[in-house]
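Here are the chains, one letter per residue:
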Amino acid sequence: MQIQDLPNGAKWVPKYLDRTEQEALVEEIRQIAKESPLFIPKMPKTGKPMSVRMTNCGPLGWVTTKERGYRYQATHPETGKPWPEIPKVLLDLWKTLADYPHQPQACLVNFYESSAKMGLHQDKDEEDFAAPVISISLGDTCLFRIGGESRRDPTKSFKLESGDIMLLTGKSRMAFHGVDRIYPGTSTLLKQEGRINLTLRRVGGSGV
Ligand code: MD3
Ligand code: FE
């Protein structure tokens, strides 16, 4: 395992998952999306749709609505059902890498079609910033950008490929970041073009 250090304590592990592990994980995600369909998140206030489609697994899931803004909730916004469980492989991965005494509470599943992107933002809808965020990339390569704790800080861009993991701890936990573009056709993992990103998160300030 080759861990690369990025600014502010962020860590990048290229090809953490091999092809077989990636295929197994995609199958788990397909099951999750069957039970808990991808939805199109709407920007708070404007109601403008984002280009990324999402779902979640775990006790809590990240959702956004025009009326209620960004928040975590225990149920799918359209079906009203609880989110499926976080797959065991992901809980094991968190145990190995997170250096944190509790399990993740939320796993956000982002699906990017070829033209989708995600603007520069901070993840700050959680209460527990001591816990890391762990991200897993599957499918097509993307151009990822990460900066500092101020939107004006300089950013660094690099490509995230299928099987890569990012560990956001320390100062990097509050860093601005985004996805500028997808490179369609760079991976054969998925049945269609596009990219999946999973982020494992702690939401609450304490507890198990
Ligand atoms: C840096 N996802 O879901 S993953 C997100 O590729 C999100 O879908 C992107 O940003 C994606 O919020 C980026 C890498 C990542 C995830 C969380 C972070 C980088 C981060 C949290 C803090 C700093
Ligand atoms: Fe983010």
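Each remark here, short or long, concerns the structure printed above.
Bear in mind that the values here come from a model prediction, so they are computed numbers and not experimental data.

Peer 1: So what's going on with the coordination of the iron ion (ligand 2)? Which residues, and what values?
Peer 2: For the iron ion (ligand 2), the full set of protein donor atoms is His 121 (NE2), Asp 123 (OD) and His 177 (NE2), and the range of their distances to it is 2.0 to 2.2 Å. Between consecutive donors of the iron ion (ligand 2), the numbers of intervening residues give the motif H-x1-D-x53-H. Overall, the relative accessible area of 22% leaves His 121 in the partly exposed class.

Peer 1: Please provide a residue-by-residue account of helix α1 (residues 19-35), values included.
Peer 2: Think of an α-helix as 3.6 residues a turn; residues three or four steps apart then line up on the same face. Its 17 residues place the ends of α1 25 Å apart at the C-alpha level, agreeing with the 24 Å of an ideal helix rising 1.5 Å per residue. When we look at burial in α1, the residues that qualify are Gln 22, Leu 25, Val 26, Ile 29 and Ile 32. The arc enclosing the buried residues of α1, seen along the axis, measures out at 115°, which places them on a common side. Those residues of α1 that are exposed and aimed more than 90 degrees away from the buried face are Thr 20 and Lys 34. Looking at where α1 begins, the residue whose side-chain oxygen comes 3.1 Å from the main-chain nitrogen of Thr 20 is Asp 18.

Peer 1: Summarise the site of ligand 1; cite the residues concerned and give the values.
Peer 2: Surveying the vicinity of ligand 1 reveals 20 residues, the closest of which are Asn 110, Tyr 112, His 177, Arg 195 and Arg 201. Interatomic distance of 2.5 Å between a side-chain N/O atom of Tyr 112 and an oxygen atom of ligand 1. The cavity that encloses ligand 1 is the largest pocket. Going through the elements one at a time, β6 (106-112), β7 (118-121), β8 (133-139), β9 (142-146), β12 (177-182) and β13 (195-201) are the ones with two or more residues in the shell around ligand 1. Among the elements that make up the shell around ligand 1, the one with the highest residue count is β13 (4 residues).

Peer 1: So what's going on with unusual backbone geometry? Which residues, and what values?
Peer 2: Phi angles above zero are rare outside glycine, and Lys 15 is one such case at about 50°. Checked against the element boundaries, Lys 15 lands in the loop between β2 (11-13) and α1. Taking relative accessible area as the criterion, Lys 15 reaches 48% and is therefore assigned partly exposed. One non-glycine residue, Asp 99, lies in the positive phi region at around 55°. Following the sequence through the fold, Asp 99 ends up in the loop between α2 (88-97) and β6.

Peer 1: I'd like a description of the environment of Gln 4, backed by residues and values.
Peer 2: Along the chain, Gln 4 turns up in strand β1 (residues 4-5). Considering only alpha carbons, one finds Gln 4 and Pro 14, 10 residues apart in sequence, at a separation of 8.1 Å. When near neighbours in sequence (up to four residues on either side) are disregarded, Gln 4 contacts Ala 10, Lys 11, Trp 12 and Pro 14.

Parameters at a glance
- Residues numbered from 1 in each chain as written.
- Chains lettered and ligands numbered in written order.
- Predicted model: local features only at pLDDT ≥ 70, side-chain atom pairs only at ≥ 80, totals over all residues.
- Heavy atoms only, no water.
- Donors = N, O, S within 2.8 Å, 3.2 Å for Na, K, Ca; no water.
- Buried < 20%, exposed > 50% of the residue type's maximum accessible area, 1.4 Å probe, protein only.
- Helix = DSSP H or I, 4+ residues; strand = E, 2+ residues; numbered from the N terminus.
- Expected span 1.5 Å × (residues − 1).
- Arc of directions from axis to C-beta.
- Polar contact = N/O pair within 3.5 Å; in protein donor to acceptor, adjacent residues only side chain to side chain.
- Near = heavy atom within 4 Å.
- 1 Å grid on protein atoms, 1.4 Å probe; cavity = no way out; pocket = protein on both sides within 12 Å on 5 of 7 lines; lining within 4 Å.
- Sits in = over half its atoms within 2 Å of the grid points.
- Contact = heavy atoms within 4.5 Å.

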